[in-house]
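Residues per chain are reported as follows:
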Amino acid sequence: MGTAQSSRPDDAAILAALPLPMLLVGPDNLIAYANHASENFLGKSRKRMIGSDISSALNCMDERFNAALSGIEGDLSAQDMELGTLNGPVIADLSISNLPGDTIWRTVIITPRHSGRPHINEHNEAGKQQALGAPAILGHEIKNPLAGIKGAAQLLARQIDEKHRPMTDLIVNEVDRIARLLDQMQNLGNVAPSNILPANIHLLIERAIRSIRAANRALPEISINYDPSLPDVMIDADAMVQIIINLIQNAIDALDNKLDSVIGITTRFVMSGALRDSGNDRRAIKLPVEITITDNGPGVPLHIEDELFAPFVTTKRDGQGLGLAIVRKLITQMNARIAYDRDQESQLTHFRLFLPITTKGPDA
């Protein structure tokens, strides 16, 4: 067992720094390494866990999972598993996956499920419940694989040439950003995001473009027309990057490899944008910064224009109809708004975002 533990020293160093409870499992399902987070969560010391069978360390109450864990050498995932710990039973999601290019060594990722996490309010109107519920369900299913992707990218980063390191860094950073967004979507009790701060919208647009270019090698040329005089906007930066990525991806999908593809991003200051606050004073929130994402695709069919931002409404053959629903949810949480229009004369589709700016005083 000492040999097994020292076979992957680089992996142990990475696992030690990860915030989620993670175990490294070697041959015969024996634990070769446990990080600090796993010690705290399971209530067992690393000295006690290393060399023990993974089933006994997890102490899962579900016998079917235990049987599968012992009999399957590949990937395995399970949700809402009850684990016995020294501190009493806990609920967690479990994800077991092979290390990159390895059929023997596996990582076990434990995602705690906190009982205090808000759920959908059953008394909300049906439409709102549906719109908020879909991202929450997806978030629950996505977070485990995300942790595995991050761990795999960190392991890969230690084995590749330095010139390829920016790609693994991009993977890790994007996983972290998506995980933060999923946490935000699952916290359905909050009306607004918890991290609304002044931000330079142009830097966020460039960040979104870099991310989507990494995933789309055949990305059409994007025409940029920025107003450099724009003030900072009051938004959640991570959420805004996700919104822009979703809208650019929608434009790419609409173009469908069209030869004369056009994608444009324009920013400008407008005087008319405003939104009524949902609070008791119903004050007007000015939305003077406009970001427009344009494409020359066919546009949205007339019969779904009114439901464009509703969940499960899509014109894509393989689409789930959640992208624009998530965009609307995020933009609403930032006290901003989004609009769609089609210019039939120029045959251009426009998605316009209207954002609030920083204020220096009550009369600003």
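To be clear, the structure that these remarks concern was listed above.
Residues numbered from 1 in each chain as written. Predicted model: local features only at pLDDT ≥ 70, side-chain atom pairs only at ≥ 80, totals over all residues. Heavy atoms only, no water.

1. Quick notes on the overall build of the chain
For the chain, the count of helices and strands is 11 helices and 14 strands. Counting over 364 residues, the chain shows a buried share of 46%. When the accessible surface of the chain is summed, it comes to about 19100 Å², and 52% of that surface belongs to carbon and sulfur atoms. (Helix = DSSP H or I, 4+ residues; strand = E, 2+ residues; numbered from the N terminus. Buried < 20%, exposed > 50% of the residue type's maximum accessible area, 1.4 Å probe, protein only. Areas by Shrake-Rupley, 256 points an atom, 1.4 Å probe, with all protein chains shown as cover.)

2. Brief notes about the sheet that holds strand β14 (residues 348-355)
Strand order in the open sheet formed by 5 strands is β7-β9-β12-β14-β13, with mixed pairing between adjacent strands. Strands at the two margins of the open sheet, each flanked by one partner only, are β7 (222-225) and β13 (337-343). Within this sheet the neighbouring strands show an average axis-to-axis angle of 15°, counted without direction. As paired strands, β7 and strand β9 (residues 263-269) are joined by 4 bridges and run parallel to one another. By the bridge assignment, N225 is partnered in β9 with T266. (Pairing = 2+ DSSP bridges. Axes fitted to C-alpha atoms, helices over the stretch in contact; angles between N-to-C directions.)

3. So, the packing of aromatic side chains
Summed over all chains, the structure comprises 1 aromatic pair. A centroid spacing of 5.2 Å and a plane angle of 50° characterise the contact between Y340 and F351, whose relative ring orientation is tilted. Taken as a pair, Y340 in strand β13 and F351 in strand β14 lie far apart in primary sequence, 11 residues in all. Assessed through its relative accessible area of 17%, Y340 is described here as buried. Above the ring of F354, the side-chain terminus of R337 is found at 4.4 Å from the ring centroid. (Phe/Tyr/Trp six-rings, centres within 6.5 Å; stacked < 30°, edge-to-face > 60°. Lys NZ or Arg CZ within 6 Å of the ring centre and 35° of its normal.)

4. Concerning helix α11 (residues 323-333)
Quick reminder: α-helices carry 3.6 residues per turn. Residues three or four places apart thus point the same way. Of all 11 residues making up α11, 8 are buried, and the element is well covered by its neighbours. With its phi angle positive at about 55°, N335 sits one or two positions after the end of α11.

5. Looking at the packing of helix α10 (residues 237-255) against α11
Each pair of packed helices can be summarised by the angle the axes make with each other and by the distance between the axes. Interaxial distance between α10 and α11 falls to 10 Å at its minimum, and their mutual angle equals 150°. Judged by the inter-axis angle, α10 sits roughly antiparallel to α11. Crossing of α10 over α11 shows left-handed handedness. For the pair α10 and α11, the contacting residues are A239, M240, Q242, I243, N246, L247 and N250 in the first and G323, L324, V327, L330 and I331 in the second. Looking at the contact of α10 with α11 residue by residue, the class counts come to 8 nonpolar, 4 polar and no charged. (Parallel < 35°, antiparallel > 145°, perpendicular 65-115°, else oblique. Left-handed = near helix turned anticlockwise from the far one by under 90°. Contact = heavy atoms within 4.5 Å. Nonpolar A, V, L, I, M, F, W, Y, C, P; charged D, E, K, R; others polar.)

6. Overview of the pattern of salt bridges
For the coordinates displayed, the defined rule picks out 6 salt bridges. Put simply, E290 and R268 hold a salt bridge, and the shortest N to O gap is 3.1 Å. Of the two residues, E290 sits in strand β12 (residues 289-295) while R268 sits in strand β9, which places them 22 residues apart along the sequence. Judged by its relative accessible area of 3%, E290 is buried. R352 is the salt-bridge partner of E290, the closest N and O atoms lying 3.3 Å from each other. Of this pair, E290 sits in strand β12 while R352 sits in strand β14, and the two are 62 residues apart along the sequence. (Salt bridge = Lys/Arg side-chain N within 4 Å of Asp/Glu carboxyl O.)

7. Brief notes about the side chain of D227
Position of D227 among the secondary structure elements: in the loop between β7 and β8 (233-236). For the buried residue D227, which engages in no salt bridge, the nearest side chain bearing the opposite charge is R268, 8.5 Å off. Look past the residues within four positions of D227 in its chain and what remains in contact with it is H202, T267, R268 and F269. (Lys, Arg positive; Asp, Glu negative; His and termini not counted.)

8. Some words on the sheet that holds strand β3 (residues 76-85)
Two modes of strand pairing occur in sheets, parallel and antiparallel, and in both the strands are linked by backbone hydrogen bonds. A sheet is described by the order of its strands in space; here 5 strands give the open sequence β2-β1-β5-β4-β3, paired in antiparallel fashion. Each of the sheet's edge strands pairs with one partner strand only, and the pair in question is β2 (31-34) and β3. On average, adjacent strands in this sheet sit at an angle of 30° to one another, irrespective of strand direction. Pairing analysis gives 3 bridges linking strand β1 (residues 22-25) to β2, with the strands arranged antiparallel. Looking at β2, one finds that V25 is bridged to I31.

9. Here we look at the pairing of strand β5 (residues 106-112)
Burial analysis of β5 places 6 of its 7 residues in the buried class, which makes it a mostly covered element. Two elements, β1 and β5, share 4 bridges in a ladder whose sense is antiparallel. Looking across to β5, one finds that V25 is bridged to R106. Pairing of strand β4 (residues 88-98) with β5 involves 7 bridges; the strand directions are antiparallel. Counterpart to S95 in the pairing with β5 is I109.

Everything listed here is a matter of geometry and, on its own, says nothing about what the molecule does.
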